[in-house]
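Here is how the chains run, residue by residue.
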Amino acid sequence: MSTVHPRAHLRQAIGASDLVPEGGRFVVDIGETTVGVFRFKGTLYAYENVCAHSGGPVCQGRLVPRVRELLDDVQRTVGAAFDEDDLHIVCPWHGAEYSVTTGAHPGQPLFTLRGFPVDEEGGTVYVTL
Ligand code: FES
């Protein structure tokens, strides 16, 4: 007879790979935890669907490229541009943004989402809680 510790990490299949399109996300309940799985530039990322601000359903927010301020030679603002190499999730409740690749808020790196290991094998995506 074996005993599984209640906090043991379990790798669980969440569905077919095509449920997570490039530049998109798939939100799924795994037991009592809701997880958002994202694919960006071919890599998968998974976060708990709980915003670090006030617990909103962050993984269901809009996905937009980061906006970077453009500066001239003397550091004056001359405009803004999308950074297509940094995709952000925008929380639908109050607009907090997080990088999909790090789970961190761009201005407050200690303000982060709870991430989970995620991988893909044989056309199936797995999340380890
Ligand atoms: S709960 Fe997400 S921004 Fe407030």
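Coordinates for the structure precede this section.
Novice: Is there a simple way to explain the sheet that holds strand β9 (residues 118–121) in this structure?
Specialist: Pairing between the strands of a sheet is mediated by backbone hydrogen bonds and can be parallel or antiparallel. Spatial ordering of the open sheet is given by β1-β10-β9, a layout of three strands whose pairing is antiparallel. A strand with exactly one partner marks an edge of an open sheet, and here the two such strands are β1 (11–16) and β9. Taken pair by pair, the neighbouring strands of this sheet meet at an average axis angle of 30°, ignoring direction. Looking at chain direction, β9 and strand β10 (residues 124–128) are connected through four bridges and run antiparallel. Looking across to β10, one finds that glutamate 120 is bridged to valine 125.

Novice: Explanation requested: the sheet that holds strand β7 (residues 97–99) in the structure shown.
Specialist: Here we have three strands laid out as an open sheet, ordered β5-β6-β7, and antiparallel in their pairing. Looking at the sheet topology across the chains shown, the edges are occupied by β5 (62–71) and β7. Averaged over neighbouring strand pairs, the angle between their axes works out to 50° when direction is ignored.

Novice: Even after reading the chapter, I still don't get the nonpolar core, so can you show me in this structure?
Specialist: Soluble globular proteins: nonpolar side chains tend toward being buried together. Residues Val58 and Val100 are the most contacted members of the largest nonpolar core, which totals 14 residues. For valine 100, the residues in contact, after removing those within four places along its chain, are Phe38, Phe40, Tyr45, Tyr47, Leu63, Leu87, His88 and Ile89. Among the nonpolar cores identified, the runner-up in size contains 13 residues, and Ile14, Val28, Leu44 and Ala46 belong to it.

Novice: Looking at this structure, I do not really get the environment of glycine 107. What am I missing?
Specialist: In this fold, glycine 107 is placed in the loop between β7 and β8 (115–116). In this structure, the C-alpha to C-alpha distance between glycine 107 and glutamate 97, residues 10 residues apart in sequence, is 9.2 Å.

Novice: Looking at this structure, I do not really get the side chain of aspartate 86. What am I missing?
Specialist: For aspartate 86, the location among the structural elements is in strand β6 (residues 77–90). There is a polar contact of 3.0 Å between the side chain of aspartate 86 and the side chain of serine 99.

Novice: Which parts of the structure should I look at to understand the packing of aromatic side chains?
Specialist: Both the distance between ring centres and the angle between the ring planes are used here to describe each pair of aromatic rings. All told, the structure shown has two aromatic pairs when counted by the stated rule. Ring plane angle 50° and centroid distance 6.3 Å describe the contact between phenylalanine 38 and tyrosine 47, whose orientation is recorded as tilted. Classification of phenylalanine 38 as buried rests on a relative accessible area of 1%. Judged by its relative accessible area of 5%, tyrosine 47 is buried. Taken together, a centroid distance of 6.1 Å and an interplanar angle of 15° make the contact between tyrosine 98 and phenylalanine 111 stacked. Taken together, the positions of tyrosine 98 in strand β7 and phenylalanine 111 in the loop between β7 and β8 put the pair 13 residues apart, joining distant regions of the chain. Residue class for phenylalanine 111 comes out partly exposed when judged on its relative accessible area of 22%. The positively charged end of arginine 11 is found above the aromatic ring belonging to tyrosine 126, 3.7 Å away from the centroid.

Reading the values: rules and limits
Residues numbered from 1 in each chain as written. Predicted model: local features only at pLDDT ≥ 70, side-chain atom pairs only at ≥ 80, totals over all residues. Heavy atoms only, no water. Pairing = 2+ DSSP bridges. Helix = DSSP H or I, 4+ residues; strand = E, 2+ residues; numbered from the N terminus. Axes fitted to C-alpha atoms, helices over the stretch in contact; angles between N-to-C directions. Core = buried A, V, L, I, M, F, W, Y, C linked by side-chain atoms within 4.5 Å. Buried < 20%, exposed > 50% of the residue type's maximum accessible area, 1.4 Å probe, protein only. Contact = heavy atoms within 4.5 Å. Polar contact = N/O pair within 3.5 Å; in protein donor to acceptor, adjacent residues only side chain to side chain. Phe/Tyr/Trp six-rings, centres within 6.5 Å; stacked < 30°, edge-to-face > 60°. Lys NZ or Arg CZ within 6 Å of the ring centre and 35° of its normal.

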